Amino acid sequence: MSGDTATQKILARASGRERVDVGDIVWAKVDAHVMHDNQGPFRMGKDFAELGLPIWNKDRFMLTADHHNPPTGDSQSKVLNVTRAWAAEQELSHFYDAEGICHILMAEKGFVRPGVLVTGTDSHTTNTGALGALGVAIGPTESIGVLAKGEVWLRVPETIRVQFKGRVPAGIYGKDMALLALKDLKVDGAEYKVLQFEGEALMALSVEDRMTLSNMAAEFSAKSSIIDVDEATAEYLKNAGVEDGWEAVRSDEDATYAASYEYDVTDLSPQVACPHRMDNVYPVEEVDSPPLQRAHIGSCTGAKLLDLQAAAAVLKGRRVAHGLQLLIAPASKDIMSKAMADGTLGALIDAGGVLLPTTCGVCAGRGPGQLGDGEMCISSANRNYKGRMGSAEASIYLASAATVAASAVKGRVADPREFI
């Protein structure tokens, strides 16, 4: 009998079994659950109320208002009002209103720890994988069951192993590695599978940058993602108030994988996903874009402190191109505060950046900054299909925050290595 993957071990623990096999159906106990306004009380509040049951554990449940916040119309105001009223009715102590994007807040507030099972009403719940947890996206209806019982029904998925080896060169970030793998696996290449990211190049990244890979597992259609725990993980957890009560879970040496991919990033160029697919990826030197009208540094994938600092290093002492607007939306208020304190935010704004709220905003096609017909944009977000950030007649390039910054200076897709 072959060994078990980290995913099998986590789901075995969560379901109270000694071990589970791929394909087994399990009822697993949830360690933490997150909902946001777009897939939360507005959609399931009345149905949950009909059960007449309390929330299974309010200490392990987070609700955020990050998708429709701040509202730009009556429909968004209605969603927010329902969300706020439900949070008050349920007496939630972990309701965060315009304080950040749910996936980042889950990590910052200590809701995620290695070896646990997390559920959330958003596809990017996979973000938890950077902290050694298994994050699974569910719908608002299924969320009712989790809220009432703290359990979820799952089929144990296969795991795909993705290794990043070599030395990480200057100008290369987690986004570049994610896009590199996405080019090979495609947007449906990990359907109902877990992506296990590993290798010395990956582990050389900060925990924040690893989140970019685990978050973007959703763009591979993955069920979840997982990354090994190390000293950097432990330090991140400590800063989030999680110092004990967790144990790292690793795959056995002889674990069986559905597929394996290996990349040496030593000579990797910055990667760019061109319109209109996340897997339409090319090295930056092969991308000859039209003039850009918008550059966006934001989203749970591309506006963490490291992302903002990388962009500031490119933009410091420079100005964005004439006719281009640079939008800056930090992923949380904590990140924004740190970026203000260390001068990062000042450098971005001095270069011509426009500061937006610490919410999903234009990444999810909401709020100010949406694209108009025919506009060209480069973004550090996670998706670039037609209509994602406004008009379906607009075009979106995806890249690291550093590449976005370089492109903002040049006015077209550009290589950040020219500026560092």
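Residues numbered from 1 in each chain as written. Predicted model: local features only at pLDDT ≥ 70, side-chain atom pairs only at ≥ 80, totals over all residues. Heavy atoms only, no water.

(A) Here's a closer look at the overall build of the protein chain. Each helix and strand counted, the protein chain has 14 helices and 18 strands in total. Taken against the 2.2 N^0.38 rule, which gives 22 Å for 420 residues, the C-alpha radius of gyration of the protein chain at 20 Å falls within 12% of a compact globule. Taking the principal axes of the C-alpha coordinates as reference, the protein chain spans close to 60 × 50 × 40 Å. Residue burial in the protein chain is summarised as follows: out of 420 residues, 60% are buried. If you sum the accessible surface of the protein chain, you get close to 15900 Å²; carbon and sulfur atoms cover 47% of it. (Helix = DSSP H or I, 4+ residues; strand = E, 2+ residues; numbered from the N terminus. Rg over C-alpha atoms; globule rule 2.2 N^0.38 Å. Buried < 20%, exposed > 50% of the residue type's maximum accessible area, 1.4 Å probe, protein only. Areas by Shrake-Rupley, 256 points an atom, 1.4 Å probe, with all protein chains shown as cover.)

(B) Seen up close, the environment of Lys-29. Its location among the elements puts Lys-29 in strand β1 (residues 25–29). Spatially, the C-alpha atom of Lys-29 lies 50 Å from that of Glu-418, the residues being 389 residues apart in sequence. Filtering out sequence-adjacent residues up to four positions away, Lys-29 remains in contact with Ala-14, Leu-117, Gly-150 and Glu-151. Reaching out from Lys-29, the side chain makes a polar contact with the side chain of Glu-151 at a distance of 3.1 Å. (Contact = heavy atoms within 4.5 Å. Polar contact = N/O pair within 3.5 Å; in protein donor to acceptor, adjacent residues only side chain to side chain.)

(C) Here's a closer look at the packing of aromatic side chains. For the structure on display, the rule yields four aromatic pairs. Aromatic pair Phe-48 and Trp-86: ring centres 6.2 Å apart, planes at 70 degrees, arrangement edge-to-face. Of the two residues, Phe-48 is situated in helix α2 (residues 41–51) and Trp-86 in helix α3 (residues 74–89); the sequence distance between them amounts to 38 residues. Judged by its relative accessible area of 2%, Phe-48 is buried. Owing to a relative accessible area of 6%, Trp-86 belongs among the buried residues under this scheme. Across the ring face of Tyr-192, the terminal group of Arg-155 is positioned such that the distance to the ring centre comes to 4.1 Å. (Phe/Tyr/Trp six-rings, centres within 6.5 Å; stacked < 30°, edge-to-face > 60°. Lys NZ or Arg CZ within 6 Å of the ring centre and 35° of its normal.)

(D) Up close: the nonpolar core. Membership of the largest hydrophobic core comes to 105 residues, with the highest contact counts inside it found for Phe-164, Leu-195, Leu-326 and Tyr-397. Each residue touching Phe-164, except ones within four places of it in the same chain, is listed here: Met-177, Ala-181, Phe-197, Glu-198, Gly-199, Glu-200, Ala-201, Leu-202, Leu-213, Tyr-263 and Val-265. Counting 19 residues, the second largest nonpolar core, distinct from the first, contains Leu-134, Val-136, Leu-154 and Val-156. (Core = buried A, V, L, I, M, F, W, Y, C linked by side-chain atoms within 4.5 Å.)

(E) A nonpolar patch on the surface, seen in detail. Together, Ile-25, Trp-27 and Trp-153 make up a nonpolar patch on the protein surface, roughly 350 Å² of accessible area in all. Examined against the element boundaries, Ile-25 turns out to sit in strand β1. A residue is classified by how much of its surface remains accessible, and Ile-25, at 38% relative accessible area, is partly exposed. (Patch = residues over 30% accessible without salt bridge, like charges linked within 9 Å, V, L, I, M, F, W, Y side chains within 5 Å. Salt bridge = Lys/Arg side-chain N within 4 Å of Asp/Glu carboxyl O.)

(F) Just the sheet that holds strand β6 (residues 134–137), in detail. Sheet architecture is open: five strands sit in the order β4-β3-β2-β5-β6, paired in parallel fashion. The sheet terminates laterally at β4 (95–97) and β6, the two strands that pair on one side only. Strand-to-strand twist in this sheet, taken as the mean axis angle between neighbours without regard to direction, amounts to 20 degrees. Relative to β4, strand β3 (residues 61–65) runs parallel, the two being bridged by three bridges. The residue bridging Ala-65 from the neighbouring strand is Asp-97, located in β4. Docked against the sheet, α3 engages β2 (32–36), β3 and β4, running at close to 150 degrees with respect to β3. (Pairing = 2+ DSSP bridges. Axes fitted to C-alpha atoms, helices over the stretch in contact; angles between N-to-C directions.)

(G) Quick look at the pattern of salt bridges. Under the criterion given, the structure shown has 19 salt bridges. Here Arg-417 and Glu-285 are joined by a salt bridge, their closest N and O atoms 3.7 Å apart. Placement of Arg-417 in the segment after α14 (401–410) and of Glu-285 in the loop between β13 (281–283) and β14 (294–297) is noted, with a sequence separation of 132 residues between them. Of the charged contacts, one joins Lys-304 and Asp-307 as a salt bridge, the two residues approaching to 3.4 Å between their closest N and O atoms. For the pair Lys-304 and Asp-307, one class covers both residues: buried. Connected via shared salt-bridge partners are Asp-4, Arg-19 and Asp-21.

(H) Spotlight on the state of the cysteines. Per the counting criterion, the structure on display carries zero disulfides. The thiol of Cys-360 is unpaired, and the distance to the nearest cysteine sulfur, on Cys-102, comes to 6.3 Å. Left unpaired, Cys-377 is separated from the closest cysteine sulfur, that of Cys-363, by 10 Å. (Disulfide = S-S within 2.5 Å.)

(I) Looking closely at helix α11 (residues 305–315). Judged by how many residues are buried, α11 sits mostly within the fold: eight of 11 residues are covered. Among all positions in α11, only Leu-305, Asp-307, Leu-308, Ala-310, Ala-311, Ala-312, Val-314 and Leu-315 are buried. Positive phi appears at Gly-317, one or two residues downstream of α11, with a value of about 80 degrees.

(J) Spatial organisation of the pairing of strand β15 (residues 325–328). Looking at chain direction, β14 and β15 are connected through four bridges and run parallel. Bridge pairing in β15 places His-296 opposite Leu-327. Relative to strand β16 (residues 353–355), β15 runs parallel, the two being bridged by three bridges. What sits directly across from Ile-328, in β16, is Leu-355.

(K) Fine view of unusual backbone geometry. Cis geometry is found at the peptide bond from Asn-69 to Pro-70, where omega equals -5 degrees. Here the residue pair Pro-275 and His-276 is connected by a cis peptide bond, since its omega of -5 degrees sits within 30 degrees of zero. Along the chain, His-276 turns up in the loop between β12 (271–273) and β13. Not every positive phi belongs to a glycine, and Glu-91 is a case in point at roughly 55 degrees.

(L) Molecular detail of the environment of Asn-127. Secondary-structure assignment places Asn-127 in the loop between β5 (117–120) and β6. Each C-alpha atom, one on Asn-127 and one on Ser-395, is 26 Å from the other, the two residues being 268 residues apart in sequence. Those residues in contact with Asn-127 that lie beyond four places of it in its chain are His-103, Met-211, Ser-214 and Asn-215.

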